[in-house]
Amino acid sequence: MISDRVTAHRMIRTVLPAEVETVVALHARARATYYPDGLPDDGTDWSAAWRGAIERPDGHVLCLVEGGRIVGLASFRRPEDGPADTVKLFQFHVDPDHWGRGLGTALHAACVEEWRADGVRTAVLDVHADNRRAQGFYAGRGWQPDPENPPAEGDHHLYLRFAVTGDASDRE
């Protein structure tokens, strides 16, 4: 597991179960930025979903803490029935009030470091089709369209793939 990464006034660490409501609030703020008509009410209990991710023994939920506040999140694990050397990045968010300061880049680097340490060769994710900012962020770090999962007509997500190779400085 990743050791705490501390640089200046930032720390990347594992989220604690007691922080679930903070995580849910940050997740909602970040998601709201790419839903122009407001967040859809799909019935998801995000507190339960995040609690499950945090407590899941085969999962990782990292947070970036700055100035004593959680301002970034990343949740990943090996997908069910997926290859042993593949990880899925289920959630990746930076508080919109903190965009453009390198926090996402630092959090992504910590994820890649963890993946390398765990012997992961490939990472996959899906990103909302309207989330152009995230698509640009991922492309800038080497994520590419997943040829095994092209978007279907009417699909609201794009599927991306990342080759986990080299050392941590490759894409920082």
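Please refer to the structure placed before this passage.
Note that the coordinates shown come from a computational prediction; the quantities given were computed from them, not determined experimentally. (Residues numbered from 1 in each chain as written. Predicted model: local features only at pLDDT ≥ 70, side-chain atom pairs only at ≥ 80, totals over all residues. Heavy atoms only, no water.)

**Let's talk about the overall build of the protein**
Working step 1: Scanning the protein for helices and strands turns up 4 helices and 8 strands.
Working step 2: Going from N to C terminus, the protein has its helices and strands arranged as β-β-α-α-β-β-β-α-β-α-β-β.
Working step 3: Along the first, second and third principal axes, the C-alpha atoms of the protein reach 45 × 40 × 30 Å.
Working step 4: Put simply, the protein has 172 residues, and 41% of those count as buried.
Working step 5: Look at the contacts in the protein between residues 6 or more apart in sequence, and 62% of them connect residues 24 or more apart.
Working step 6: In the structure as shown, the protein presents an accessible area of about 9100 Å², 51% of it carried by carbon and sulfur atoms.
Working step 7: Distance from the positive charge centre (19 side chains) to the negative charge centre (27 side chains) of the protein: 5 Å. (Helix = DSSP H or I, 4+ residues; strand = E, 2+ residues; numbered from the N terminus. Buried < 20%, exposed > 50% of the residue type's maximum accessible area, 1.4 Å probe, protein only. Contact = heavy atoms within 4.5 Å. Areas by Shrake-Rupley, 256 points an atom, 1.4 Å probe, with all protein chains shown as cover. Lys, Arg positive; Asp, Glu negative; His and termini not counted. Charge placed at Lys NZ, Arg CZ, Asp CG, Glu CD.)

**Re the pattern of salt bridges**
Working step 1: As enumerated under the stated definition, the model contains 12 salt bridges in all.
Working step 2: Note that Glu19 is salt-bridged to Arg13, the shortest N-O span being 2.5 Å. Arg13 carries the same exposure label as Glu19, and that label is buried.
Working step 3: The shortest N-O distance in the salt bridge between Arg56 and Glu80 comes to 2.5 Å. Linking Arg56 in the loop between α2 (46–55) and β3 (59–66) with Glu80 in the loop between β4 (69–77) and β5 (86–94), this pair joins segments that are 24 residues apart in sequence.
Working step 4: Sharing partners across several salt bridges, the network here consists of Arg56, Asp58, Arg77 and Glu80. (Salt bridge = Lys/Arg side-chain N within 4 Å of Asp/Glu carboxyl O.)

**Some points on the packing of aromatic side chains**
The description of an aromatic ring pair uses the distance of the two centres, along with the angle that the planes make with each other.
Working step 1: All told, the structure shown has 8 aromatic pairs when counted by the stated rule.
Working step 2: An angle of 70° between the planes, with centres 5.6 Å apart, marks the rings of Phe137 and Tyr138 as edge-to-face. Residue Phe137 shares its accessibility class with Tyr138, and that shared class is buried.
Working step 3: Ring pairs connect the aromatic residues Phe76, Phe92, Trp115, Phe137, Tyr138, Trp143 and Phe162, which therefore count as one cluster. (Phe/Tyr/Trp six-rings, centres within 6.5 Å; stacked < 30°, edge-to-face > 60°.)

**Quick notes on the environment of His27**
Working step 1: Positionally, His27 belongs in helix α1 (residues 20–32).
Working step 2: Residue class for His27 comes out buried when judged on its relative accessible area of 2%.
Working step 3: Between the alpha carbons of His27 and Phe92 there is a distance of 8.7 Å; along the sequence they are 65 residues apart.
Working step 4: In this structure the side chain of His27 is engaged in a polar contact, spanning 3.2 Å, whose partner is the side chain of Trp50. (Polar contact = N/O pair within 3.5 Å; in protein donor to acceptor, adjacent residues only side chain to side chain.)

**Re the nonpolar core**
Working step 1: One finds Leu89, Phe92, Trp115, Tyr138 and Trp143 to be the most contacted residues of the largest nonpolar core, which totals 27 residues.
Working step 2: In terms of residue count, the dominant contributor to this core is helix α3 (residues 103–117) (6 residues).
Working step 3: The contacts of Tyr138, once residues within four sequence positions are left out, are Leu89, Phe92, Leu125, Val127, Trp143 and Leu160. (Core = buried A, V, L, I, M, F, W, Y, C linked by side-chain atoms within 4.5 Å.)

**Structural notes on the pairing of β3**
Working step 1: The buried count for β3 comes to 8 of 8 residues, which makes it a mostly enclosed element.
Working step 2: Looking at chain direction, strand β2 (residues 10–14) and β3 are connected through 5 bridges and run antiparallel. Looking at β3, one finds that Arg10 is bridged to Glu66.
Working step 3: Pairing between β3 and β4: 8 bridges, direction antiparallel. Residue pairing for β4: Cys63 is matched across the bridge by Leu73.
Working step 4: Count of turn residues in the β3/β4 antiparallel hairpin: 2 residues, of which Gly67 carries a positive phi of about 60°. (Pairing = 2+ DSSP bridges.)

**Regarding α2**
Working step 1: Where α2 is concerned, the buried positions are Ser47, Trp50 and Ile54. Down the axis of α2, the buried set is contained in an arc of 75°. They therefore lie on one face.
Working step 2: In this structure, the buried residues of α2 make contact with α1, β3, β4 and β5.
Working step 3: Where α2 begins, one side-chain oxygen reaches toward the backbone nitrogen of Ser47, 3.2 Å away; that side chain belongs to Asp45. (Arc of directions from axis to C-beta.)

None of the figures reported here should be taken as evidence of function without further support.
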